[in-house]
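Breakdown of the fold
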Amino acid sequence: MTDQPLLQVRDLEVTYRTGGTEVPALRGVSLDIAPGEVVAVVGESGSGKSTLAHAVVGLLAPNASVGAGSVVLGRDELLGRSERALRPIRGRRIGLVPQDPTVSLNPVQRVGRQVAEALRVHGLASRRGARLAAIDLLGRAGLPEPHVRAGQYPHELSGGMRQRVLIAIAIAAGPALLIADEPTSALDATVQKRILDHLEELTRETGTAVLLVTHDLGVAADRADRIAVMSGGLLVEQGPTARILAAPTDPYTRKLLAAAPGLTGAPARVVVPARRAPTEDVDPTAPPLVSVQGLVKDFPLPRSAGRDATQRAVDDVSFDIWRGETLALVGESGSGKSTTARLVLRLADPTAGTVTFDGTDVTRLRGEAWRALRRRAQLVYQNPYASLDPRFTVTEVIAEPLRAFTVGTAAQQRSRAADLVDRVALPVSVLDRRPAELSGGQRQRVAIARALALEPDLVVCDEPVSALDVSVQAQVLDLLAELQAEQRLAYLFISHDLAVVRRIAHRVGVMRDGKLLELAPTEELFAAPREDYTRELLAAVAGSRTRKVEAAS
Amino acid sequence: MTVPPLARYLLRRVVLAAGVLWAAFTVSFVVLYLLPGDPVATMASGGLDGEPVSPAQLAELRARYGLDEPFAVQYLHRLGAALTGDFGASIQNGQDVGVAVAQTLPPTLEIAVLGLGFAIVFGGALALLATYTRARWLRQSLLALPSLAVSLPVFWVGLMLVQIVAFGWRLLPSGGVAGPASAILPAVTLGLTTGALVAQVLAKSLSQALDQPYTTTARAKGADPVAVHLRHALPNAAVPALTVLGYVTGNLLAGTVVVETVFTRPGLGRLTVTAVGAQDIPLVQGIVVFAALVFVVVNLVVDLVHPLLDPRIATGVYA
Amino acid sequence: MTELLVREIATGTGAPPVPVPHPGGRWRRLGRFLLHRPGLVVAVLVVLTVLVAAFAPHVLAPGDPSAGLPAQKLRPPAPGHWFGTDYLGRDIWTRVVHGAALSLQATVVAVAVALVAGGLVGLLAGFVRGWVDEALMRIVDVLMAIPAILLSLALITALGYGTLNVAIAVGVASVANFARVMRSETLRIRQSVYVEAARAVGTRWYVTLRRHVLPNAAGPIAVLAVLEFGLAILAISSLSFLGFGAPPPAPEWGSLIAEGRNYLATSWWLCAMPGLTIAATVLSVNRISRALDGEWAAAR
């Protein structure tokens, strides 16, 4: 690295003003980036990492104000510049790859024109030249048939392709620094890996420095030369990637490392000691609690796709779940795993196949018999923000199933709610609060308490931790494991995150395009996957690259 | 399956439009002919305060207007006639309803078109300026104007304009149809509410569009703020504004009922007031169906323009 | 293990838990909220004055609204007659105050008709869905296609004149708005995850409707009702102005303006004062509606 840094951030302070109060987002952050260097800024949501990225290009939200500090690019101070004075910097010297590709392109403009605009505004090409250059740029960003894509609108492209368009826009004017703000977190894991690989290739080629903002320590470990860890608006630790991973000095970094599931070398690092092998707790000679045979679900497509056109969301899926066991279904979005879960719970009607619950065929239950099934099979939703009625108190939420089946008097229901709150390790004081007053992790605990209220045999968890921060994820997973041990609960666990699955599941099924590709005990699947697709999924787990490097050294 | 999405989209709109027209006819039939009150008695007396009519005359009138038949037969009969453009004759003077509407239309159309133009220019300029300016006070006061405008009674605004501009400053005529100058005050009165609505919707969707990540992308390219506003935000914001414009154009026509009374202009609005006053049921029904026709045609045009503004509509991303 | 869990609660990794407001805090917060919004305070005062005028007009204007002193006719606003007097020497302030009851009654009837009918239609359409929804929404579409004032006029043609008929006519014309909002609210809440969660724990559908759908839909409907209240005042005064409302001697706001019209060139206050009253009332109602619609929640 040369002595003169490309970007020099000093003591940067940013506050947000919401509803009359000032909330500090950055509390004196200093960071250098050398030319050609890749620096990852890692932190949980609310740590200020995105604010830092946006402050550098002067694209903060209108309610944000910069209190103090300096941002120097080369020799030019960027803070305090007017919108007009920032124009020659933006795009030309600093490119931005935004967070969510699905909403970051103008939906009513062809993508070629949007790429060309990045050249035109800096006077780098004529109208005609910009059009041709845009096609060239789209090709360099890895889009197949760039001349066709240039004439298309964003909605005609997939999420991954749109992110490539955004990369083309960011590199168009040849900036020396690229800011990538969670560039792939909205994408599926395999797409994520391909895009990051390509971005890496492009920037190495041109010697562009990258400021990579991510919540995923695994991604940072794979891609960055240096890692900076942020928490609560402060930069708690920074240093070379290998050093941060091997010898973190700050307790927060250590906590983050411990919680990052894919990075820990030891397989299945679970808090519950000696994770039971399937044979210990689970009695395979007993009949299974749930048995699913040849499950099929077709959804009608919009009429524009032709008369009676259907899409097969679940295609001939069969599996069993025993008491005390966790069966996980993994797959990318659209693989049919959530639909399968809803079919098992009978919240949706299967097109074909049978669902047997504790020896009884429940495939066609209706009315009161259907309602009776609710007592034995419960659901924990992905999003704890949406699954609780905002007007209900925690007591009302947890007592709702008891009310529905008139279990006990109102007073008994309340005291049961208090017991359950205690069981999921929440303080009694939350009972009178409403969901909006709780954190995400607390809400998910309330949802779990509600699911347990009727003492069910089966709990289906649909991505129960994907909306939570990493450190909270670990705690909720541990709680689920503990409750399972206490009550011999059976879990059907739906997730797209292999690292999470590895931590909780006894057996794992891999789904793709509605089919169950393979189903094996967890360690077997991770050690010796049979299907190519499973291998691809495993390879895409962020942090795996680092682990391989470690293993090789 | 072979029909392209755009053609399917348009076909669907046309069929829906025809359905709305039929239903408007039916609703007005139900309201005017089935509700309590004897249409013949009121027809014959020429309003609520006329002389009583003998039973024999009533029976004769019933037969003449086909009102002695069962409602279903009457309905089908009238619907059949309406399909050929025949809405019957006015009971005030026996004039054909279609002719009466057509004759009074030109002065109404004049102020409606002028009013619409005023609404678009006034509302659009207000919204663009309010969302572009960085001065907080200017933005706040510009955004307060529309809600002020929609809180004023239209007839009162008209009267105050007459009082100030016509009587006070003697700039423009206070009423009648004497040349283009006489249309200005009515048009402004008529377009004020519509313009305020356009301003509200456009300002809202503009500021939403400016909050979208794609405008951040455009700014991150280094694009000029004016270009971001006009080339990225406006095309996205125009769709909801246009939809609202389609919806309120019908109200523009209805607003002439009040405006033409204030400015004593002989037009469709005046005709409506007279018809209601005289309980001229065929004429009222004809006017209601005509208003629905205008609504339907305007919204059809809006639907035709939509795919040009938003390519997602043409390819059927929206149902 | 437990230690870890307790720590999470203590540090509160997500959004910090909002402290439960203590009894006095609520009022103090309301006070601070209003202090930053002087316009809203004025709006509330205007509406309160109008309500007093409607229920106890003699408090604000002790005189007789129909008794005039011909000697004092057409006096401009001045102390004593601060809205001026009309062509019979009647005090306009007194007439406006005493007209409030009539105008407000009509408005309440109109909004009630629209709220009840529209709310039921929307709830039914949104909750039952299927062909019921299709049929009801097509009818609503048609009601939207006929401009409100024309629909009201058609109803008046059939029902006859009078304040009550005008109120009903205005109410029916805004049924469609309530139906649409209620339906979309019902649909939104029905499809929300927490309603599915309620179903998944075995709650019966009518309990779900009562405990989840109605309370969550109430807010937006209340906001719309307040907004429609303002629109109904305007619509009713328009129809009275056209002469379909209360017969002449009654001091309804719209008819007051119609009466004053003939003296527009010479005595502007006859029209201006009742008109300003209407404008101030509607503006205040709209301001309150906007405050209800999220400003209060956002400021918390």
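An account of the accompanying structure is given in this report. What you see is a predicted model, and the numbers here were worked out from it, not measured in a lab. (Residues numbered from 1 in each chain as written. Chains lettered and ligands numbered in written order. Predicted model: local features only at pLDDT ≥ 70, side-chain atom pairs only at ≥ 80, totals over all residues. Heavy atoms only, no water.)

1. Here we look at the overall build of chain A
When you go through chain A residue by residue, the secondary structure sums to 21 helices and 20 strands. Taken over C-alpha atoms, the radius of gyration comes to 26 Å for chain A, in line with the 24 Å a tight globule of 553 residues would show. In terms of overall dimensions, chain A has C-alpha extents of about 70 × 55 × 50 Å along its principal axes. The buried share of chain A, reckoned over its 553 residues, is 57%. For chain A, the share of sequence-separated contacts (at least 6 apart) that also reach a separation of at least 24 residues comes to 69%. With an accessible surface of roughly 22,100 Å², chain A has 51% of that area assigned to carbon and sulfur atoms. (Helix = DSSP H or I, 4+ residues; strand = E, 2+ residues; numbered from the N terminus. Rg over C-alpha atoms; globule rule 2.2 N^0.38 Å. Buried < 20%, exposed > 50% of the residue type's maximum accessible area, 1.4 Å probe, protein only. Contact = heavy atoms within 4.5 Å. Areas by Shrake-Rupley, 256 points an atom, 1.4 Å probe, with all protein chains shown as cover.)

2. Looking at the interface of chain C and chain B
Between chain C and chain B, the contact holds 41 residues from the first and 43 residues from the second. Of the roughly 3,600 Å² buried where chain C meets chain B, counting both sides, 79% is carbon and sulfur surface. For the chain C face of the interface with chain B, the top three residues by lost area are Leu150, Thr157 and Leu264 of chain C, together amounting to 16%. Looking at the side of chain C that touches chain B, the elements with two or more residues in it are helix 6 (130–145), helix 7 (148–159), helix 11 (205–241), helix 12 (253–260) and helix 13 (269–299) of chain C. Per-class residue counts for the side of chain C that touches chain B are 31 nonpolar, seven polar and three charged. (Buried area = accessible area lost by both parts, 1.4 Å probe. Nonpolar A, V, L, I, M, F, W, Y, C, P; charged D, E, K, R; others polar.)

3. Details of the sheet that holds strand 5 (residues 76–77) of chain A
All names here are of chain A. Read from one edge to the other, the open sheet built from four strands follows the order 2-1-4-5, with strand pairing classed as antiparallel. The open sheet terminates on both sides in strands that have one partner only, identified here as strand 2 (21–33) and strand 5. Where strand 1 (residues 7–18) meets strand 4 (residues 64–73), eight bridges bridge the pair, whose relative direction is antiparallel. The residue of strand 4 that forms the bridge with Val9 is Val71. (Pairing = 2+ DSSP bridges.)

4. Topic: the interface of chain A and chain C
Contacts between the two partners involve 41 residues from chain A and, on the opposite side, 28 residues from chain C. Between chain A and chain C, roughly 3,200 Å² of surface is buried when both sides are summed, and carbon and sulfur atoms account for 53% of that area. When residues of chain A are sorted by the area they lose upon contact with chain C, Glu400, Glu437 and Gln475 of chain A head the list and together hold 15% of the total. Summed over the shared surface of chain A and chain C, the number is two salt bridges. With a closest N to O distance of 2.6 Å, Glu196 of chain C and Arg342 of chain A form a salt bridge. For the interface between chain A and chain C, the tally reads eleven residue pairs in polar contact (both at pLDDT 80 or more). Where the side of chain A that touches chain C is concerned, the elements lending two or more residues are helix 13 (367–373), strand 16 (377–380), helix 14 (394–404), helix 16 (440–452) and helix 17 (470–487) of chain A. (Salt bridge = Lys/Arg side-chain N within 4 Å of Asp/Glu carboxyl O. Polar contact = N/O pair within 3.5 Å; in protein donor to acceptor, adjacent residues only side chain to side chain.)

5. As for the nonpolar core
Formed by 125 residues in total, the largest nonpolar core has its most connected members in Leu239 and Phe244 of chain C. Leu452, Ala453, Ala505 and Tyr533 of chain A belong to the second-largest nonpolar core, a separate cluster that totals 53 residues. (Core = buried A, V, L, I, M, F, W, Y, C linked by side-chain atoms within 4.5 Å.)

6. Re a nonpolar patch on the surface
Together, Val41, Val44, Leu45, Leu48, Leu51 and Phe55 of chain C give the surface a local cluster of nonpolar side chains, amounting to about 540 Å² of exposed area. Following the sequence through the fold, Val44 of chain C ends up in helix 3 (residues 38–55). (Patch = residues over 30% accessible without salt bridge, like charges linked within 9 Å, V, L, I, M, F, W, Y side chains within 5 Å.)

7. Section: the pattern of salt bridges
Residues and elements named next belong to chain A. In this structure the tally under the stated criterion is 46 salt bridges over all chains. For the salt bridge of Glu145 with Arg149, the shortest nitrogen-to-oxygen distance reads 3.6 Å. Residue class for Glu145 comes out partly exposed when judged on its relative accessible area of 45%. Taking relative accessible area as the criterion, Arg149 reaches 13% and is therefore assigned buried. Measuring nitrogen to oxygen at the nearest pair gives 3.2 Å for the salt bridge that ties Arg366 to Asp349. Note that Arg366 is positioned in the loop between strand 15 (360–361) and helix 13 and Asp349 in the loop between helix 12 (337–344) and strand 14 (352–357), a separation of 17 residues in sequence. For Asp349, a relative accessible area of 30% translates into the label partly exposed.

8. Structural notes on the side chain of Gln378 of chain A
Among the secondary structure elements, Gln378 of chain A is positioned in strand 16. Not counting the four nearest positions on each side in its chain, Gln378 of chain A is found in contact with Leu345, Ala451, Leu454, Pro456, Leu458, Val459 and Val460 of chain A together with Ala200 and Val201 of chain C.

9. Remarks on helix 10 (residues 251–259) of chain A
Within the sequence span of helix 10 of chain A, burial applies to Tyr252, Thr253, Leu256, Leu257 and Ala259 of chain A. Between a side-chain oxygen at the N-terminus of helix 10 of chain A and the backbone nitrogen of Tyr252 of chain A the separation is 2.7 Å; the capping residue is Asp250 of chain A.

10. Brief notes about the sheet that holds strand 20 (residues 515–521) of chain A
Residues and elements named next belong to chain A. Taken in spatial order, the six strands line up as 16-17-18-13-19-20 in an open sheet, and their pairing is mixed. Each edge of the sheet is formed by a strand with only one pairing partner; in this case those strands are strand 16 and strand 20. Each strand of the sheet is rotated relative to its neighbour by a mean of 20°, with strand direction disregarded. The pairing of strand 16 with strand 17 (residues 458–462) spans four bridges and is classified as parallel. Bridge pairing in strand 17 links Gln378 to Val459. Where helix 12 meets the sheet, it contacts strand 13 (326–330), strand 17, strand 18 (490–495) and strand 19 (507–512), and its direction lies at approximately 155° from that of strand 18. (Axes fitted to C-alpha atoms, helices over the stretch in contact; angles between N-to-C directions.)

11. Digging into empty space enclosed by the protein
Inspection of every chain in the model, using the stated rule, returns five cavities of 30 Å³ or more. By volume, the largest cavity is sized at about 100 Å³. Every residue lining the largest cavity is listed: Val38, Leu196, Leu199, Glu200, Thr203, Val210, Leu212 and Arg223 of chain A. When contributions to the lining of the largest cavity are tallied by element, the ones reaching two or more residues are helix 7 (189–206) and strand 8 (209–214) of chain A. Here the lining of the largest cavity gets four residues from one element, more than from any other, and that element is helix 7 of chain A. Partitioned by chemical class, the residues of the lining of the largest cavity number five nonpolar, one polar and two charged. Taken as a whole, the second largest cavity holds about 70 Å³ of empty space. As for the second largest cavity, its lining consists of Asp86, Tyr87, Ile92, Arg95, Leu256, Glu259, Gly260, Leu270 and Pro274 of chain C. Per-element accounting of the lining of the second largest cavity gives the leading share, three residues, to helix 12 of chain C. (1 Å grid on protein atoms, 1.4 Å probe; cavity = no way out; pocket = protein on both sides within 12 Å on 5 of 7 lines; lining within 4 Å. Points joined across faces, edges and corners; volume = space filled by probe spheres on them.)

12. Quick word on unusual backbone geometry
All names here are of chain A. For Asp11, which is not glycine, the phi dihedral falls at a positive 45°. Its location among the elements puts Asp11 in strand 1. Residue Glu145 is not a glycine yet carries a positive backbone phi of 45°. Note that Glu145 resides in the loop between helix 4 (127–140) and helix 5 (146–149).

13. What to know about a positive patch on the surface
Residues and elements named next belong to chain A. A cluster of like positive charges, contributed by Arg113, Arg120, Arg127, Arg128 and Arg131, occupies part of the molecular surface. Secondary structure elements with two or more residues in the positive patch: helix 3 (111–120) and helix 4. Counting residues per element, the positive patch draws most heavily on helix 4, which supplies three residues. Inspection of the secondary structure puts Arg131 in helix 4. A residue is classified by how much of its surface remains accessible, and Arg131, at 52% relative accessible area, is exposed. (Lys, Arg positive; Asp, Glu negative; His and termini not counted. Charge placed at Lys NZ, Arg CZ, Asp CG, Glu CD.)

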